[in-house]
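Spelled out, the chains give:
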Amino acid sequence: MYSHVSDLQTFYACPLGLAVRRLVTHRIRARWRHLNGMTLIGLGFAAPYLGTFHGEAFHVAAMMPAAQGTLVWPREGPTQCVMVEETHLPLNDNSVDRLLAIHCIENTLNLKDLLREMWRVLSPEGRIILIVPNRRSVWAITSATPFGRGRSYSRIQLQNLLQKALFVPTYCTWALHFPPVERQAVLKSMISFERFGAQFFPGFGGIIIVEARKELSFPNILRSQFSVRLFGKQIPAASI
């Protein structure tokens, strides 16, 4: 079940939410460096992460599920946010170059249909990024943040889920290795926590970030196509 938009907005306005926003935005940008001329859609509650692409991507829009609620975004300029039925996105086939889904698939009651819609609207050369709570993390078992609500996933579960939905996973990493507490000492040491956790305990980060592309032919997906960021190196999942 989706968190209400007001709760999500409150979280991202607090110090812990702002820290999460900075860190996760950096991770997204590491994958999507140049979106000039592209169409970028955020699904779920992606608005906090879309602002960095204004003035670069040709079209940027936030689509918020009706079960979650919506808000006016951005605060200045034309509204680029719309409430949608998650299984009937108001987009043409093959019309989206990049699709970012956060606070989304872990909450939906229509996961299969939602993934089908994502596949439908994504262009042949498009990419999606899914950001979901990590089942093995402390973040997934506390309701103090939105990442502690809804279903949590493992890397293997996400890989299988995407493959069944005709996506080819191309990259996976973990983030939010610091504890989900709003203490100044923790937030000041966030980068140190993140570096230490990424090096020694990568699979215990609070969230999993997975990028995938659209499968256009009959699925014949090998594990070696799914890469994992581990110890600062890119390695095939089949080897771990």
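Residues numbered from 1 in each chain as written. Predicted model: local features only at pLDDT ≥ 70, side-chain atom pairs only at ≥ 80, totals over all residues. Heavy atoms only, no water.

Caption draft 1: Quick look at a nonpolar patch on the surface. A contiguous nonpolar surface patch, about 440 Å² in accessible area, is contributed by Phe196, Phe200, Phe201 and Phe204. For Phe204, the location among the structural elements is in the loop between helix 7 (190–200) and strand 7 (207–214). (Patch = residues over 30% accessible without salt bridge, like charges linked within 9 Å, V, L, I, M, F, W, Y side chains within 5 Å. Areas by Shrake-Rupley, 256 points an atom, 1.4 Å probe, with all protein chains shown as cover. Salt bridge = Lys/Arg side-chain N within 4 Å of Asp/Glu carboxyl O. Helix = DSSP H or I, 4+ residues; strand = E, 2+ residues; numbered from the N terminus.)

Caption draft 2: Inspection of the layout of surface pockets at higher detail. Its volume calculated, the second largest pocket comes out at about 350 Å³. Along the wall of the second largest pocket there are 15 residues; nearest its centre are Gln9, Arg21, Pro48, Trp73 and Arg75. Mapped onto the lining of the second largest pocket, the elements with two or more residues apiece are helix 1 (5–13), helix 2 (15–31) and helix 3 (47–50). Broken down by element, the lining of the second largest pocket gets its largest block of residues, three residues, from helix 1. Its residues assigned to classes, the lining of the second largest pocket shows ten nonpolar, three polar and two charged. (1 Å grid on protein atoms, 1.4 Å probe; cavity = no way out; pocket = protein on both sides within 12 Å on 5 of 7 lines; lining within 4 Å. Points joined across faces, edges and corners; volume = space filled by probe spheres on them. Nonpolar A, V, L, I, M, F, W, Y, C, P; charged D, E, K, R; others polar.)

Caption draft 3: Summary view of the packing of helix 1 against helix 2. Interhelical geometry of helix 1 versus helix 2 gives an angle of 85 degrees and a closest axis separation of 4 Å. In terms of orientation, helix 1 and helix 2 fall into the roughly perpendicular class. Along its contact with helix 1, which presents Phe11, Tyr12 and Ala13, the element helix 2 presents Pro15, Leu16, Gly17, Leu18, Val20 and Arg21. Broken down by class, the residue content of the contact of helix 1 with helix 2 amounts to seven nonpolar, one polar and one charged. (Axes fitted to C-alpha atoms, helices over the stretch in contact; angles between N-to-C directions. Parallel < 35°, antiparallel > 145°, perpendicular 65-115°, else oblique. Contact = heavy atoms within 4.5 Å.)

Caption draft 4: The side chain of Glu117, seen in detail. Secondary-structure assignment places Glu117 in helix 4 (residues 111–121). A distance of 2.7 Å separates a polar atom in the side chain of Glu117 from the backbone nitrogen of Leu89. Those residues in contact with Glu117 that lie beyond four places of it in its chain are Glu86, Thr87, His88 and Leu89. (Polar contact = N/O pair within 3.5 Å; in protein donor to acceptor, adjacent residues only side chain to side chain.)

Caption draft 5: Structural context of the packing of aromatic side chains. All chains considered together, the criterion is met by seven aromatic pairs. Judged by centre distance (6.0 Å) and plane angle (50 degrees), the rings of Phe196 and Phe201 are tilted. Accessibility expressed as a relative area gives 48% for Phe196, which makes it partly exposed. The ring of Tyr171 carries Arg31 above its face, with NZ or CZ at 4.0 Å from the centroid. The cationic tip of Arg136 hangs over the ring face of Phe204; the distance from NZ or CZ to the ring centre is 4.4 Å. (Phe/Tyr/Trp six-rings, centres within 6.5 Å; stacked < 30°, edge-to-face > 60°. Buried < 20%, exposed > 50% of the residue type's maximum accessible area, 1.4 Å probe, protein only. Lys NZ or Arg CZ within 6 Å of the ring centre and 35° of its normal.)

Caption draft 6: How the structure looks around the nonpolar core. Ranked by size, the top nonpolar core spans 41 residues in total, and within it Val20, Ile28, Leu100, Ile131, Phe147, Leu176 and Phe178 carry the most contacts. Looking at this core, the elements that each hand over two or more residues are helix 1, helix 2, helix 3, strand 2 (59–65), strand 4 (96–102), strand 5 (122–133), helix 6 (184–188) and strand 7. For this core, the element with the highest residue contribution is helix 2, accounting for six residues. Not counting residues up to four positions away in its chain, the partners in contact with Leu176 are Val20, Leu23, Val24, Trp139, Phe147, Glu194, Gly205, Gly206 and Ile207. Grouped together as the second largest cluster of nonpolar side chains are 33 residues, Leu130, Leu161, Leu162 and Cys172 included. (Core = buried A, V, L, I, M, F, W, Y, C linked by side-chain atoms within 4.5 Å.)

Caption draft 7: Inspection of the environment of Pro202 at higher detail. Along the chain, the position of Pro202 falls in the loop between helix 7 and strand 7. On the basis of relative accessible area, Pro202 is assigned to the buried category, the value being 11%. A sequence separation of 59 residues divides Pro202 from Ser143, and the C-alpha atoms of the two residues are 22 Å apart.

Caption draft 8: A look at the pairing of strand 1 (residues 39–44). Of all six residues in strand 1, six are buried, a share of seventy percent or more. Here strand 1 runs beside strand 2; their pairing, made up of five bridges, is parallel. Pairing of Ile41 across the sheet is with Ala61, part of strand 2. One ladder, built from five bridges, connects strand 1 with strand 4; its direction is parallel. Bridged to Ile41 within strand 4 is Leu99. (Pairing = 2+ DSSP bridges.)

Caption draft 9: Here's a closer look at the pattern of salt bridges. What the rule picks out here adds up to six salt bridges. Linking Arg116 and Asp113 is a salt bridge whose minimum nitrogen-to-oxygen distance equals 2.6 Å. One end of the pair, Arg116, and the other, Asp113, are both in helix 4, three residues apart, so they sit about a helical turn from each other. For Arg116, a relative accessible area of 46% translates into the label partly exposed.

Caption draft 10: Representation of the confidence of the model for the chain in the model. Residues of the chain with pLDDT of at least 70 account for 90%, and the chain-wide mean is 90. Within the model, pLDDT remains below 50 along residues 219–226, and this stretch shows 27 contacts once partners closer than five positions in the same chain are excluded. In this model, residues 229–233 is a region of pLDDT below 50 whose contacts with residues beyond four sequence positions or in other chains number eleven contacts. (pLDDT = per-residue confidence, 0-100.)

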